[in-house]
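Observations on the three-dimensional arrangement
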Amino acid sequence: MKEIMVVGAGQMGSGIAQVVAQAGIPVWLHDISEESAQRGVAGIAKLLARNVEKGRMTEADSQEILQRIRPTADLQMAKSVHLVIEAATERVEIKKSIFQQLDEITPPETILATNTSSLPITDIAAVTKRPEKVIGMHFMNPVPVMKLVEIIRGLATTQETYDTIHQLTLQLNKVPVEVNDFPGFVSNRILMPMINEAIFTLYEGVATKEAIDEVMKLGMNHPMGPLTLADFIGLDTCLYIMETLHEGFGDDKYRPCPLLKQYVMAGWLGKKTGRGFYEYN
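Predicted model, so just to flag it, every value in this text is computed and none were measured. (Residues numbered from 1 in each chain as written. Predicted model: local features only at pLDDT ≥ 70, side-chain atom pairs only at ≥ 80, totals over all residues. Heavy atoms only, no water.)

So, on to the domain arrangement of the protein chain. Interface size is commonly expressed as the accessible area that is lost once the parts come together. Domain annotation of the protein chain identifies domain 1 (4–180) and domain 2 (189–271). Summarising the inter-unit geometry, the C-alpha centres of domain 1 and domain 2 are found 27 Å apart. (Domains from an automatic or database assignment.)

Here it is as structure tokens:
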């Protein structure tokens, strides 16, 4: 893989760009404004500086990695890349619009991957003229630390496209796991209903938020309680994934808890807004 573009310079996109650059591949980090793209690179620089401080890499290594990352607000820069990994907001209409534009800009042999955490790959692929070259590449957060990448074929994705992405995932020092194109894939189909059930447990007054998190940490050996985890993921994202599961399967076991809806309505989205189930300063 000679050159990659990552679309979306938020936490996920920046993390993906970092691991791509660490693997020795030049990468464009795109966002809707030059300022947002620069902010993404600044975040990566901060993480790399911390790794230098802790003796995990040298200053020279850190500078070399940063030199491979080029921020841009111009999607036209994708005209020379071999792969685009889209990591924009988890909204199907936004993703489809990006894929339509990329389909026009990129060479016909370029693979278009989406880092969606729950949306159907087949649906996104259908807006392009190259559905055989569209694939899901679902990284886990925080990307530089977490090993898993769920690789999801759409209905039309070819074996060749799958093999290329499988190989690249190994090159990025990640573990590829093949998953079929169902709502939520494996990770969020199992994780989100657990988080939603924890919210129901709070909503029904079964226990306090601290007690619920403590039970899951000490009893189930989870590194973080489900309500804390929901705050870190973002309650709006949790709600959107639950709605995707509910709509996709038509099964009431995926019904989002009313308390989750209420928090999102109030703008209490978790750590990023300073308040979710817990308060953050």
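Here the narrative resumes.
Among the residues of helix H9 (residues 226–233), those classed as buried are Pro226, Leu227, Thr228, Ala230 and Asp231. Buried residues in H9 make contact with helix H7 (187–203), helix H8 (209–220) and helix H10 (235–249). Phi turns positive one or two residues past the end of H9, at glycine 234, with a value near 110 degrees. (Buried < 20%, exposed > 50% of the residue type's maximum accessible area, 1.4 Å probe, protein only. Helix = DSSP H or I, 4+ residues; strand = E, 2+ residues; numbered from the N terminus. Contact = heavy atoms within 4.5 Å.)

If you look at the biggest cluster of nonpolar residues, it comprises 34 residues, and the most contacted ones within it are Ile4, Met137 and Phe139. In terms of residues, this core owes the most to one element, helix H1 (residues 11–22), which gives six residues. Discounting residues that sit within four places of it in the chain, phenylalanine 139 has contacts with Met12, Ile16, Val19, Ile85, Asn115, Leu148, Val149 and Leu172. (Core = buried A, V, L, I, M, F, W, Y, C linked by side-chain atoms within 4.5 Å.)

With glycine set apart, most residues show a phi of negative sign, and most peptide bonds adopt trans. A cis geometry characterises the amide bond from asparagine 141 onward to proline 142, with omega recorded as -5 degrees. Structurally, the position occupied by proline 142 is in the loop between strand S6 (134–139) and strand S7 (148–153). Its identity as a non-glycine residue notwithstanding, asparagine 173 has a phi of 65 degrees, on the positive side. Within the secondary structure layout, asparagine 173 lies in the loop between helix H6 (159–171) and strand S8 (175–179). The exposed category is assigned to asparagine 173, whose relative accessible area is 52%. The backbone of asparagine 221 sits at a positive phi, close to 60 degrees, despite the residue not being glycine.

Our focus in this paragraph is the UniProt feature "domain: 3-hydroxyacyl-CoA dehydrogenase NAD binding" (unreviewed entry) in the protein chain. In the UniProt entry, the feature "domain: 3-hydroxyacyl-CoA dehydrogenase NAD binding" (unreviewed entry) is given for residues 4–181. What you have in residues 4–181 is 41% helix and 21% strand, and the ends, taken at the C-alpha atoms, are 24 Å apart. (UniProt positions renumbered as here; feature names shortened; annotations may be inferred.)

The residue threonine 157 is located in the loop between S7 and H6 in this model. Judged by relative accessible area, which is 9%, threonine 157 ranks as buried. Engagement of the side chain of threonine 157 in a polar contact is seen with the backbone oxygen of valine 134, the distance being 2.7 Å. One polar contact links the side chain of threonine 157 to the main-chain amide nitrogen of glycine 154, over a distance of 2.7 Å. In this structure threonine 157 touches Pro131, Glu132, Val134 and Ile135, once residues within four positions along its chain are discounted. (Polar contact = N/O pair within 3.5 Å; in protein donor to acceptor, adjacent residues only side chain to side chain.)

This next bit is on the layout of surface pockets. Where empty space is left can be seen by rolling a probe of water-molecule size over the atoms. Of the volumes computed, that of the second largest pocket is approximately 830 Å³. Taken together, 28 residues make up the lining of the second largest pocket; nearest its centre are Gln18, Leu47, Arg50, Pro142 and Pro144. Those elements that place two or more of their residues in the lining of the second largest pocket are H1 and helix H2 (34–53). A per-element tally of the lining of the second largest pocket places H2 first, with eight residues. Taken together, the residues that form the lining of the second largest pocket break down as ten nonpolar, eleven polar and seven charged. (1 Å grid on protein atoms, 1.4 Å probe; cavity = no way out; pocket = protein on both sides within 12 Å on 5 of 7 lines; lining within 4 Å. Points joined across faces, edges and corners; volume = space filled by probe spheres on them. Nonpolar A, V, L, I, M, F, W, Y, C, P; charged D, E, K, R; others polar.)

On to the pairing of strand S1 (residues 4–7), then. The side-chain alternation of S1 yields two buried faces, one formed by Ile4 and Val6 and the other by Met5 and Val7. As judged from the four bridges shared by S1 and strand S2 (residues 27–30), these two strands associate in the parallel manner. What sits directly across from methionine 5, in S2, is tryptophan 28. Each parallel crossover has a hand, and the one from S1 via H1 to S2 is right-handed. With four bridges joining them, S1 and strand S4 (residues 83–86) adopt parallel strand pairing. Pairing of isoleucine 4 across the sheet is with leucine 83, part of S4. (Pairing = 2+ DSSP bridges. Right-handed = clockwise from strand over helix to strand, strands pointing away.)

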